Each structure stands twice: as structure tokens, then as C-alpha cells.
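# Tertiary structure, described
Given next are the chains, with one letter for each unit.
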Amino acid sequence: PDSVTSIGERAFNECTGLIQKEGGVWYVGNWVVGCDQSVTTVTLRGQVVGIIERAFQGCNRLTSITLSDGVAFIGEYVFSDCTSLTSVSLPGSVTHIDSDVFYNCDGLTDITYAGTKSQWKSLDKGWKWDHSDLCKVTIHCTDGDIVKS
């Protein structure tokens, strides 16, 4: 139901009858639960409200991802070890970015956020949401950039 605010890691592991696959992304209802390791770019379908822990972990060919408007929750380690990832587009609907979302994403240089700098700073971010490895990223907001160095 719409009242669900998070879904834990491996909640739908081996539930192949529940999983819908579109463009290399795996969905259960309005949640992203995984992906094909071969994806290079992803634009999530509409109606997605969240991405469970580790959903894109280790997708080494993934270079960019655009999250659809409506995504509010990004779980722990979602993009960890996506070593080719260089850009991420986040909607203004994001309210929570968990810990270590970009762990070992050394190539990530640009995050485009469809909200203001003030909104970005007030987002609920888990401890080490960006991990110390993510040290040279620019967050492009609607009213200017935030440079993390």
C-alpha cells in the first residue's frame, strides 16, 4: 500500500513471480528491487516510490540513472560499487537518502537534483550517505550548485 515507507534488503529474493522486469530494472509494485548487471543507462518508470537496499549494487556498466518524479526513498548501498557511474538525476520528491548509497562510486561527478540548495541540505540523509570516496561531486540544484570537495 501507499503507506509503506521502506522495504528491506532481499525482501523479494527469489520471488520471481512477483518481479516485473522493464529495461533491465526489476520492480515489485512501485518499488525497484534489482537490476540486470548489463544495464548502462536507466530511466525509471513513473509511479516508483522507492528503491530497496542494494538494488543496483555492482552494476559496473551503469553510467547514468534518472529517477522518476515520485521517488521518495533511496535505500542503503543502492548504487554501491557502480564503478562506471558518472551522473545521477534525482527528483525533488526524494525525502530520504540512506547510508553509503554511492559507496565506491569514484567516477560519480554530477548529481542533478530537482530542488533547491536549501531543500537538498534539509533532506534526510543517512550517516555517510555519500561515503568518503565521493569527494569530488557537484550537486546541481535549481538555484545553483553545491560543490563537495
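Residues numbered from 1 in each chain as written. Predicted model: local features only at pLDDT ≥ 70, side-chain atom pairs only at ≥ 80, totals over all residues. Heavy atoms only, no water.

## Here's the deal with the pattern of salt bridges
Rule in force here: Think of a salt bridge as a Lys or Arg side-chain nitrogen and an Asp or Glu carboxyl oxygen that are within 4 Å of each other. Going along the chain from the N terminus, every DSSP run of H or I of four or more residues is numbered as a helix, and every run of E of two or more is numbered as a strand. Burial classification: accessible surface area is computed with a 1.4 Å probe over protein chains only, and a residue below 20% of its type maximum counts as buried, one above 50% as exposed, and the rest as partly exposed.
Evaluated as defined, the whole model comprises one salt bridge. Its salt-bridge partner being E22, residue R45 comes within 2.6 Å of it at the nearest N-O pair. Residue R45 is found in the loop between β4 (41–43) and β5 (50–51), and its partner E22 is found in strand β1 (residues 20–22); the two are separated by 23 residues along the sequence. Since its relative accessible area comes to 39%, E22 is described here as partly exposed.

## Description of the sheet that holds strand β10 (residues 110–113)
Selection criterion: A pair of strands is treated as paired once DSSP finds two or more bridges between them. Simply put, an axis is a line fit to the C-alpha atoms, just over the touching stretch for a helix, and the angle between two N-to-C directions goes from 0 to 180 degrees.
Within the open sheet, the six strands sit side by side as β4-β6-β8-β10-β12-β13. Their pairing is mixed. Only two strands of the sheet have a single neighbouring strand rather than two, namely β4 and β13 (144–148). With direction set aside, neighbouring strand axes in the sheet form an average angle of 10°. Sheet analysis places strand β8 (residues 87–90) next to β10, joined by four bridges and oriented parallel. For S89, the partnering residue across the bridge sits in β10 and is T112.

## Things to note about the state of the cysteines
We count it as follows: The criterion for a disulfide is a pair of cysteine sulfur atoms lying within 2.5 Å.
Applying the stated criterion across every chain, the model contains one disulfide. Each disulfide pairs two cysteine sulfurs, and for C35 the partner residue is C59, the sulfurs being separated by 2.5 Å. Separated by 24 residues along the polypeptide, C35 in strand β3 (residues 31–35) and C59 in the loop between β5 and β6 (64–66) bring together distant segments of the chain. Relative accessible area serves as the criterion here: at 0%, C59 is assigned to the buried category. Here C105 stays free of any disulfide, with the sulfur of C82 as its closest cysteine sulfur at 5.3 Å. Judged by relative accessible area, which is 1%, C105 ranks as buried.

## Considering the sheet that holds strand β7 (residues 73–74)
As a general point, the strands of a sheet are linked pairwise by backbone hydrogen bonds and lie either parallel or antiparallel. Spatially, β1-β2-β3-β5-β7-β9-β11 is the arrangement adopted by the seven strands of the open sheet, whose pairing is mixed. Looking along the sheet, the strands with just one partner apiece sit at the ends: β1 and β11 (124–125). Pairing geometry for strand β2 (residues 25–28) and β3, over four bridges, is antiparallel. Across the sheet, the residue bridging to V25 is C35, located in β3.

## Some points on the pairing of β8
Here β8 shows a clear split, with V88 and L90 buried on one side and none of S87 and S89 buried on the other. Pairing analysis gives three bridges linking β6 to β8, with the strands arranged parallel. Bridge pairing links S64 to S87 in β8.

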